[in-house]
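# Survey of secondary and tertiary structure
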Amino acid sequence: MKIPIGRYYQLLKQYLKPQWPRVVLLFALLLLTIGLRVLNPQIIRTFIDRATGGTPISDLTFLALTFLGFSLLIQIVSVTSTYIGENIGWTATNNLRADMALHALKLDMSYHNDHTPGDMIERIDGDVVDLAIFFSQFVIKIVGNLLLLGGVLLALYLTDWRIGIALTFYAVISLYGLNKLRSIAVPYWKAARDASSDLYGFLEEQLSGTEDIRSSGAVPNSMRHLYRYARDHLQKQRKAGTMNIRLIQMWIGLYEAGRAIAFIGGFYLFTRDAITLGMAYLIVNYTDAIFRPLREITNEIQNLQKAGGSIERIEELYAVQDKIKDTGTTPLPEGVLSVEFDAVDFSYNGDDRILDQVSFHLKPGEVLGLLGRTGSGKTTITRLLFRLYEINSGSLRLNGIDIRDIPISSLQRHVGMVTQDVQLFRATVRDNLTFFDRSISDERILSVIDDLELNNWFNGLPEGLDTELESGGKGLSAGEAQLLAFARVFLKNPGLVILDEASSRLDPATEQRIERAVDKLLQNRTGIIVAHRLKTVERADQIMILENGVVREHGRYQELVATDDSRFAQLLRTGLQEVLA
């Protein structure tokens, strides 16, 4: 696998262009450093020639101090260049990381279902780490050393054209060989990055399921798989690292060849009085100066190979396109919404049939109770209303508007959902309730907290709305977390509310508070309730029972209750929780 230079260049151009003032400053510092590195050996050459020619100590002292001053200046400029380069590199990689995260978040849920969070973290963060070195050091080490190489060769030509020609030939052959070896390790580093993603994906999956793994006695099995993933990761990292030995062997050979040319050529010219002792030193010094950029370039080519593997994986992610095209131009109006499914078919991968000809119609303000066993398609219906997936056939309309004609931002604004799993962030109470929307006033937040009977909890917070919550809602009861989720929807004020088994895990006392919150939430709103418990669907206008993606029964609540042989009436008699669990 060979990564064309143009792909590296395009990446540099895209993320360095916004920082062009700092890039220009860095380039100027590089030129200054190169000039000083080429000039300093000339001072030593003059010092040697004058010292062997009987020049007074005062003149030699001035040359020595000048050399030391230039050396100190070189170090200062080098440190400054490194600092600016690192700043440029990390700014660029942070922007790249943000772009990748945004791209991943915009992908439809089918992609996220096929990739673990650990794998995504490794792609967005782990792969970009290698590129941080690429961004920060490529300009300093590659471009800078190429310029230094050119400056040293020019100085050698001015010293003696024969040595200049010999070492130019040596430099060209060396650079050609290094470039040919540039992409040898790229496929190995890509494989190592893939193995790292697999390892972290496995760790994320196992750590998130610690309770189940320990309670079921599956720890030994988890450890066996961990050893397998870790062994594969080690082997691929070792193969990738071993490939770099070829580059190291090559630069050692180049170093010895260059020094041989310098010593033999310098000795030959000096013994024939063609050059002075100082010039002989200058040739050897400049040869080392040639080797230094070659060595640095070799080292950076190793980093370039790592970056090449990361670029391949990053481009693979960018090549994945969202199957859902946000081209809608008809926003939903304010207020309560109607919902209509018309012969909707849906499958996740094309082979399974999750929904089969599902049809129902909810007038504005009506509530649908959605029942069915696990895997019957209940949750899928709620996800389609957010257009997290695209239906295969049929039509789905809100307020008579095809969902594909509605901007996704409008769907997010006018459709709200509460689930049994509440995601809370490591942020303030205010930010957790508003999802970081600064346009929502504190007065409105406090009013909702009061409506949901959360005053006792809120009054116990040390800093009120500015209190930081732990990630995952640590320190909150299940009921409090659930009520916070209700508060989010109240603040959003949508026209359609979806309750996906929102009270299935709560104790009876807490459930009563949730039920009061549900009553308030459904006032003047259309609702879809996915439920296991009988009490939750008592408020429904319509009942729909799904079995294997097919509508088993659908009708008005009172009509189904009054029909003895209806499926819903049977559920009421036998117990909804027991039959549908």
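The model shown is predicted, which means the values in this text are computed figures rather than measured ones.

As a further point, take the pattern of salt bridges. Counted under the stated rule, the structure contains 18 salt bridges. For Asp 442, the salt bridge is made with Arg 430, and the minimal N-O distance between the two is 3.0 Å. Residue Asp 442 is found in helix H14 (residues 442-451), and its partner Arg 430 is found in helix H13 (residues 429-434); the two are separated by 12 residues along the sequence. For Asp 442, a relative accessible area of 29% puts it in the partly exposed group. Through salt bridges that share partners, Glu 340, Asp 342 and Arg 397 make up one connected network.

Bringing unusual backbone geometry into the picture now. With phi around 55°, Asn 399 is a residue other than glycine that occupies positive phi space. Looking at the secondary structure, you find Asn 399 in the loop between strand S4 (393-398) and strand S5 (401-402). Asn 399 gets classed as partly exposed once you look at its relative accessible area, which sits at 30%. One non-glycine residue, Glu 453, lies in positive phi territory at about 60°.

The subject of this paragraph is the packing of H14 against helix H16 (residues 478-492). Contact geometry for H14 and H16: axes closest at 10 Å, N-to-C directions at 130°. Taken as axis vectors, H14 and H16 run oblique relative to one another. Relative to H16, H14 is oriented so that their crossing is right-handed. Counted together, Arg 444, Ile 445 and Val 448 of H14 and Ala 487, Phe 490, Leu 491 and Lys 492 of H16 form the full contact between these two elements. Split by residue class, the contact of H14 with H16 holds five nonpolar, no polar and two charged.

Conventions and cut-offs
- Residues numbered from 1 in each chain as written.
- Predicted model: local features only at pLDDT ≥ 70, side-chain atom pairs only at ≥ 80, totals over all residues.
- Heavy atoms only, no water.
- Salt bridge = Lys/Arg side-chain N within 4 Å of Asp/Glu carboxyl O.
- Helix = DSSP H or I, 4+ residues; strand = E, 2+ residues; numbered from the N terminus.
- Buried < 20%, exposed > 50% of the residue type's maximum accessible area, 1.4 Å probe, protein only.
- Axes fitted to C-alpha atoms, helices over the stretch in contact; angles between N-to-C directions.
- Parallel < 35°, antiparallel > 145°, perpendicular 65-115°, else oblique.
- Left-handed = near helix turned anticlockwise from the far one by under 90°.
- Contact = heavy atoms within 4.5 Å.
- Nonpolar A, V, L, I, M, F, W, Y, C, P; charged D, E, K, R; others polar.

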